[in-house]
Amino acid sequence: MRLSVSVAIVVLLLGLFALARASRINRQSIERDGLSRFRDAFHGRFPEILLAQVYGYLAERHGVQEPHYTVNPADDLQREYGLVDLDLEDAVLVIADRAGARLPRAQELDGLKSSVRTVEDLLRFLEQYLRPEVVKG
């Protein structure tokens, strides 16, 4: 009786370990898939580093440690991510810095509120500040 209980406990523990490992592998796959879908949505129109930094920033904005959700080009920055006014300016500065881009000047940020409403608008705005050496390699 003791032997069968011990064997059952060992089998149960091994099953739980295998389940936890499979769950972690699946989560990593979903994370890669989310970023890949985001990149694919733009069909190579924007530099990879810019896409990765925008996606990562928006993931952080939702409190996600590792990006694993869908970000669409048409997502409204105010409604989906709460980015308005100074928050939007901060986002632009943080993403530009992380991507190695030139930081926009104050007067360049003035037009931000009227021209940037979606994720794609944000990428378009930021792309102009990337240094050529960052884009090339």
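These notes cover the structure that comes with them. Since we're looking at a predicted model, the values are computed, not measured.

## Some remarks on the pattern of salt bridges
Overall, the coordinates contain 10 salt bridges when judged by the stated rule. Where Glu 60 meets Arg 98, a salt bridge forms, and the shortest distance between an N and an O atom there is 3.1 Å. With Glu 60 in helix α2 (residues 48-61) and Arg 98 in helix α4 (residues 85-98), the pair connects residues that are 38 residues apart, well separated along the chain. Here Glu 60 falls in the partly exposed class, since its relative accessible area comes to 44%. For Arg 98, a relative accessible area of 37% puts it in the partly exposed group. With a closest N to O distance of 3.1 Å, Arg 124 and Asp 121 form a salt bridge. Of this pair, Arg 124 and Asp 121 are both found in helix α7 (residues 119-127), three residues apart, which corresponds to roughly one turn of the helix. Connected through shared salt-bridge partners, Arg 45, Glu 120, Asp 121 and Arg 124 make up one network.

## Brief notes about unusual backbone geometry
The backbone phi angle of His 43 is positive, close to 50°, even though this residue is not glycine. Counting through the fold element by element, His 43 comes out in the loop between α1 (2-40) and α2. The phi angle at Asp 85 is positive, at roughly 45°, despite the residue not being glycine. As for its position among the elements, Asp 85 is in helix α4.

## As for the environment of Ser 114
Structurally, Ser 114 can be placed in helix α6 (residues 112-115). Its relative accessible area of 58% is what places Ser 114 among the exposed residues. A polar atom in the side chain of Ser 114 sits 3.2 Å from the backbone oxygen of Gly 111.

So, how was this worked out
- Residues numbered from 1 in each chain as written.
- Predicted model: local features only at pLDDT ≥ 70, side-chain atom pairs only at ≥ 80, totals over all residues.
- Heavy atoms only, no water.
- Salt bridge = Lys/Arg side-chain N within 4 Å of Asp/Glu carboxyl O.
- Helix = DSSP H or I, 4+ residues; strand = E, 2+ residues; numbered from the N terminus.
- Buried < 20%, exposed > 50% of the residue type's maximum accessible area, 1.4 Å probe, protein only.
- Polar contact = N/O pair within 3.5 Å; in protein donor to acceptor, adjacent residues only side chain to side chain.

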